[in-house]
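A structural walkthrough
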Amino acid sequence: MAQPVQIIVGSHVWVEDPVLAWIDGEVTSIKGHEVHVKTKNGKTVTTNVSKVYPKDTEAPPGGVDDMTKLSYLHEPGVLQNLATRYQLNEIYTYTGNILIAVNPFQRLPHLYDTHMMEQYKGADFGELSPHVFAVGDAAYRAMINEGKCNSILVSGESGAGKTETTKMLMRYLAHLGGRSGVEGRTVEQQVLESNPVLEAFGNAKTVRNNNSSRFGKFVEIQFDKNGRISGAAIRTYLLERSRVCQISNPERNYHCFYLLCAAPEEDVARYKLGSPKSYHYLNQSSCYELEGVNDAHEYLATRRAMDIVGINEEEQEAIFRVVAAILHLGNIDFAKGKEIDSSVIKDEKSRFHLNTTAELLRCDAQSLEDALIKREMVTPEEVITRTLDPVNAVGSRDALAKTLYSRLFDWIVEKINLSIGQDPTSKSLIGVLDIYGFESFKSNSFEQFCINFTNEKLQQHFNQHVFKMEQEEYSKEEINWSYIEFVDNQDVLDLIEKKPGGIIALLDEACMFPKSTHETFAQKLYQTFKSNKRFIKPKLSRTDFTILHYAGEVAYQANLFLEKNKDYVVAEHQALLTASKCPFVAGLFPPLPEESSKSSKFSSIGSRFKLQLHSLMETLSSTEPHYIRCVKPNNVLKPGIFENANVIQQLRCGGVLEAIRISCAGYPTRRTFYDFLDRFSVLSPEVLEGNYNDKVACQTILDKKGLKGYQMGKTKVFLRAGQMAELDARRSEVLGNAARTIQLRTRTYMTRKQFIALRRMARELYEQLRREAGALKIQKNFRAFIARKSYLKLRSGAVVLQTGYRGMIARNEFRFRKQTKASVVIQAHWRCHQAYCYYKSLQKAAIVAQCGWRGRVARRELRNLRMAARETGALKEAKDKLEKRVEELTWRLQLEKRLRIDLEEAKAQEFAKLQDTINALRLKVEEANSMVIKERELARKAIEEAPPVVKETPVIVQDTEKINSLTAEVEKFKALLTKETQTAENAKKATALAEAKNSDLIKKLEDSEKKADEQHILVQRLEEKLSNLESENQVLRQQALVISPAGKAVSVRSKTTIIQRNPENNTALNGEIRKALAQDSVLSLPPSREPETEEKPQKSLNEKQQENQDILIKCISEDLGFSGGRPVAACLIFKCLLHWRSFEVERTGIFDRIIQTIGSAIEVQDNNDVLAYWLSNASTLLLLLQRTLKASGAASLTPQRRRTSASLFGRVSQGLRASPQSVGFSFLNGRMLGGPDNLRQVEAKYPALLFKQQLTAFLEKIYGLIRDNLKKEISPLLGQCIQAPRTSRASMVKGRSQANAAALQALIAHWKSIVNSLNNCLKTMRANYVLPLIVRKIFTQIFSFINVQLFNSLLLRRECCSFSNGEYVKTGLAELDQWCHEATEEFVGSALDELKHIRQAVGFLVIHQKPKKSLKEITNDLCPVLSIQQLYRISTMYWDDKYGTHSVSTDVISTMRVMMTEDSNNAVSSSFLLDDDSSIPFTVEDISKSIEQIEVPEIEPRL
């Protein structure tokens, strides 16, 4: 790093400290190159000026979120910034586009919830506070937009949080392009579930960490062309194979060996295992157990994890057999054989382990022994078999163990990949690399050499990326950067991997010579690299060597380099395990090609390591990299502890300081023109008075101070290292001079003020003495006056008292006499009143007794009725039977009435005919009798007149014959008369019988009518008692009808037929709609019982009903407008449905057609005019339905409902008793619906109730669309509002009032736009007569949305949490307040109260003297609504860009932190962000209650 300059006495600087790494202090003196610094702990330190770095005294108290914004980009500045942010729980910090994550060692759930993911989704990198989600989003957006694969490199030592960071990255990527995985598990869950298995077989204890990854893991998350996750894969790199055979004290081998030794007894017995101390591969170190870790429990957890990732029981058993076999294999020792350079199994113990190994691997024991100690050499003539000496046999054994474990690890990784599922067609991926970090211990061997070689490679890739980013920054600002030197570590890489002279090449060469030793290898290194500046030979060691890595010097011990590097691929081993009877073991060693299987080939771990590393670098080079450096703040793994020395070492090893060196090689200090002028305008005040633009003003200041080498970009000033310190030093001089001038003026002012105060006090003292003398004289005269006045007053009072006493005695006497007379009168009236009251009480008691007795009788009757009504099932069955019987009796009565009328008419006609015949016969008989009488009289007279002589007178024959004939005729008439008389008698008898029978029928009919009326009253009572049960049964029956095909045959329509009204009975209406809607309907009898005289309908019911519905649908499809403040369409629909009695039928299609019409009308979801129109219609119609409909069998019946029951009996009896003309209904005549008293409730069937529910759903949908449209409209404006101070602050510089006023007007324009949007929405609502309740709810939720967006943006962007931004937002909130006042409370209500969070937050930003405020004042008075987390966030992020004041005191911050720690387990209380409420904030009952009455106006429908 370039060294700072311009260190003067009084400067605040950083100096090195053995405990704290860096400590700040103040320069007390400078002597040549020596600087004396007094540190903050009181010590005085003397050091060289080159080791002192300036401190930024004006750094924000909460640090900066991007360390490229630091005024001094050096090691102590970076460390201080990280420490400051860590104390504020700000664990993420940027360094350019590199994210530094400090492990908090505590739960911070508010940082990783779904709401936080939504905030970072699509946000530009650096726009919000640093976060791991920002890195993931940047990688995802780059992959989607540019079509290039991306990688995220997560590095850091164990315990730094790499795994947790990787987990959060995969969670966020799954949130962006999520896909459900196997059995409902997401991809990131499947990858994370594999961690326990990979840790068991790939992690081990090292000197620094108990669970160190000894391999690199590259997780590929694959995406399809739509950006959705299509698969994932885990690639492992650089497994430390040598650890299987050699470990150093106090490290451990891989965890799986120790877990297997701690397995349950049956597993240990199965694999013939014992204590870890008895195995050579484990007892090379004295560490067998980890503190706080139970290997037995971990073994079971690993088995469960293997189940989860898809490894079955058989495969698990085979895996642990291989692990046990490796342990037994390591215990096979060799001794010299009888022949030269030969070896045999050493003893019986080794033979036992040999046989156990063969048994576990399912191979022949003799073949295993031969593979370990014999080799075949293939020559053109023959195959020669030779025996290995004990040393080479041990090497062969270790080679087999390393190969076996490596193949096993690769198989496990492949199995996990199969379980996760890969997408071979994916062309887009995001890789997350989790690999071990730089290692430097007291004793460093071959493993540390390979790991540090890997980190050197990654650091080179990192340096190239950082330099590339620097180039892009310089190119963006259009400055010259061609002469900047690139800091590279290629010389270290050449030292390690260059061919043929690199360390790895020399190591492979030494391994191929049998007689090479670690000493000869070390001497070869000394000779080859004696002039290399990166290679250092220690003075006191013959085998050690030191390499100067980018992170510092590392001393390696070469004692075991040769043994750990050897990795023979032995053909005998391959053949042995390929022939294994265990399919699993044989699968680990597939057959090799014939030419490869005939001989053993040398292979080194170093070369293999280099090839894998090359493959990894090729993968990373093909992607766009993103870097996350994880830091472990302390080694005790506790929150709140920040160990500077530990963190500095990790920053060096992680390459962060190397990146700073790259930045320092160019222009480490970059300031925007506004920030530069704001800080250094005091060096040249005249630039603010002229009309310079910001760039010219900055250049003027720099030229005036004589700085060279700086660059002026398009928006920033780029300063070389040390120039910022020089400017600060000169600024300190100017400010010091100004401070002295201010002190001089202040002291003069204070002295003058003190003199004036003393003079004023002397004058006041003289005036006081003068007033005291005058007061004494006044008191003397006043006391005399008071005494004289008191005497006169006492004398006058005595006279008055005497006069009054005498008058009082006279008045008392008069009053006594008057009272005596009045008491006599009162007694008389009182006695009269007592007598009258006694009489009234007796009368009242009698009435009360009568009422009590009548009430008792009534209650007894009520109890009897209630007990009868409790028999619900019996009463309902009786009701149904009574209804059926009443219906049958009614029809019989009607028929008998008609038959009786017909019979009476026929009898009357027949009786009249018979009466006429009888009368005619009577007349004839009377004529005949009169004629006979006349003839007899004539004969008698003739006899009398004849002479009385006795002689035989001849009889006249003619007269005799005539008489005879007359006599015969008379007899004939007599017989006829007798016959007719008999017939009349019979008719009278028949008539009498018929009348008697009719009388009986009439009596029975009257009895039936009486019983029917009684049953009708009983049924009505039962309906009231069983209302809820009937409603439920009706809904269930309707559902059964809808579901069951057989239900279609059951319908009320089979019992009733709607007959078209006669035209003369209808109200005449103009237009097609009136004609269609004016067709009244009546209830008629079933077709089998219709009188023959009734006319058949001219048109079928379905056709007429369909026609009416078509006209209604056609009508409401148009904009019918409003009448009397009510939507015409809603009123028309309601009246039609009520008129057609659609609410009371079991089946109808009109409801579905209306719903479809409304749905098609609101398909255009961005047209608020249309949506508001239908919102008004839907709410009005729903309100009418709420007031009118009630469920079938409702408990409460209106008086009208009691009079005209909707039951079957009521409808039939009413239809029979009324004339056909009286059954019709008046429609649209203004009398049916006029006010709330006239709205009759109807008993709704299931389709009507379903229609009401669907209408409610549409109302909520339209409400949500209007609300969301308004949110979409104002959301960009809100973003501009909260970003406006950042984008426009550059034009608001101190000293330029006119420009600032113009800029302020430009900022307010965004708020004006929001007010205009709200105003337009309100006008649209009012124009469509939307109910005020709904309008209030819309604006309440919109203001809540504004509150959430502004408040969350304030907490997520530190640059917005400033004093000037608080003033700006406060001005905007005043605009909203003014709008609410103009819009009136009727339509806005309490919406303004929803801004309480942003109001209080802004109020906190703009108050003065924050350090003097206590936590109680803040929480109770200033911000009672805000939580402790929110107040803590605002307090730590606040910065005063206007007056330079500080936030609240450190004591308040500490108290907040303690309170947050106490609530850390509560995930809800830990979240400082607000959630937007998108629910529907009202119900139909709320709408109904908001309007006391509703009048349906006269409707004049338009065609």
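Remember, it's a predicted structure, so these values are computed and weren't measured experimentally.

With that out of the way, let us pick up empty space enclosed by the protein. The final tally for this structure, using the stated rule, is 14 cavities of 30 Å³ or more. Approximately 250 Å³ is the volume attributed to the largest cavity. If you go around the largest cavity, you meet 23 residues; those closest to its centre are Ser155, Gly156, Gly437, Cys653 and Gly654. If one sorts the elements of the lining of the largest cavity by residue count, strand β21 (residues 624-631) sits on top with four residues.

A word on the side chain of Glu456. Among the secondary structure elements, Glu456 is positioned in helix α14 (residues 446-477). Within the structure, Glu456 has its side chain in polar contact with the backbone nitrogen of Tyr550 (distance 3.0 Å). Here Glu456 is in contact with Asn489, Val492, Leu493, His549 and Tyr550, once residues within four sequence places are set aside.

Averaged over all residues, the pLDDT of the protein chain is 79; the fraction at 70 or higher stands at 84%. For residues 949-957, every residue scores under 50 in pLDDT, and the model assigns this stretch one contact once sequence neighbours within four places are set aside. This model gives residues 1035-1099 a pLDDT under 50, and the stretch forms 92 contacts once residues within four places in sequence are excluded.

Owing to its 3.6 residues per turn, the α-helix brings residues three or four apart onto one side. With 25 residues, helix α40 (residues 1332-1356) should cover 36 Å at 1.5 Å per step; its first-to-last C-alpha distance of 36 Å lies within 8% of that length. Among the 25 residues that make up α40, 21 are buried, leaving the element largely enclosed by the rest of the structure.

Moving on to unusual backbone geometry. Cis geometry is found at the peptide bond from Asn249 to Pro250, where omega equals 10°. Structurally, Pro250 is set in the loop between β12 (229-237) and α7 (255-261). The residue Lys272 is not glycine, and still its phi comes out positive at about 55°. With respect to the helices, strands and loops of the structure, Lys272 is situated in the loop between α8 (265-271) and α9 (295-308). Positioned with a positive phi, Arg362 is a non-glycine residue whose angle comes to about 60°. With respect to the element layout, Arg362 can be found in the loop between α11 (348-361) and α12 (365-373).

This brings us to the sheet that holds strand β23 (residues 711-712). If you walk across this open sheet you meet the three strands as β22-β24-β23, and the pairing is antiparallel. Looking along the sheet, the strands with just one partner apiece sit at the ends: β22 (669-672) and β23. Alignment of β22 against strand β24 (residues 716-719), held across four bridges, turns out to be antiparallel. Residue Thr672 lies in a different strand from β24, and its bridge partner there is Lys716. On the sheet, α14 packs against β22 and β24 and is oriented at approximately 130° with respect to β24.

Before going further, it helps to spend a moment on the packing of aromatic side chains. For the structure shown, the criterion picks out 35 aromatic pairs. Between the aromatic rings of Trp22 and Tyr53, the centroid separation amounts to 5.4 Å while the plane-to-plane angle is 75°, which identifies the pairing as edge-to-face. With Trp22 in strand β2 (residues 21-31) and Tyr53 in strand β5 (residues 53-54), this residue pair connects regions lying 31 residues apart in the sequence. Of the two residues, Trp22 and Tyr53, both sit in the buried class. With a centroid separation of 5.1 Å and an interplanar angle of 65°, the aromatic rings of Phe215 and Phe409 are classed as edge-to-face. Pair noted here: Phe215 is in the loop between β10 (212-213) and β11 (216-223) and Phe409 is in helix α13 (residues 390-420), with a separation of 194 residues, a long-range link. Like Phe409, Phe215 is buried. Three or more aromatic residues link up through ring pairs in this structure, and these residues are Phe446, Phe449, Phe521, Tyr526, Phe529, Phe535, Phe545, Tyr556 and Phe561.

What counts, and at which threshold
The residue numbers shown here count from 1 along each chain, following its written sequence. In view of the model being predicted, local features appear only for residues whose pLDDT reaches at least 70, and side-chain atom pairs are presented and counted only at 80 or more, with totals across whole chains, interfaces and linings using the full set of residues. As a rule here, side-chain values cover all heavy atoms of the structure and leave hydrogens and water aside. Using a 1 Å grid laid over the protein atoms alone, points where a 1.4 Å probe fits but cannot get out form a cavity; open sets with protein on both sides within 12 Å along at least 5 of 7 lines form a pocket; any residue with an atom within 4 Å of a point counts as lining. Grid points are joined across faces, edges and corners, and a volume is the space filled by probe spheres set on the points. The helix and strand labels rest on DSSP assignments: H or I over at least four residues marks a helix, E over at least two residues marks a strand, and numbering proceeds from the N terminus. Polar contacts, as used here, are pairs of N or O atoms within 3.5 Å; protein pairs need one atom able to donate a hydrogen and one able to accept it. Residues neighboring in sequence count only if both atoms are side-chain atoms. Pairs of residues are marked as contacts when any of their non-hydrogen atoms sit within 4.5 Å. Summary of the metric used: pLDDT quantifies the predictor's per-residue confidence within the range 0 to 100. Between the first and last residue of a helix there are one fewer steps than residues, each counted as 1.5 Å, and that sum is the expected span. Partly exposed residues are those whose accessible area sits between 20% and 50% of the maximum for their type, while under 20% is buried and over 50% is exposed, using a 1.4 Å probe and protein chains only. Pairing between strands requires that DSSP locate at least two bridges from one strand to the other. For helices, the fitted line uses only the C-alpha atoms of the stretch in contact; every axis is such a line through C-alpha atoms, and the angle between N-to-C directions lies from 0 to 180 degrees. Pairs were defined over the aromatic rings of Phe, Tyr and Trp, the Trp ring being its six-membered one, requiring ring centres within 6.5 Å. Orientation was assigned from the angle between planes: stacked under 30 degrees, edge-to-face over 60, tilted for the rest.

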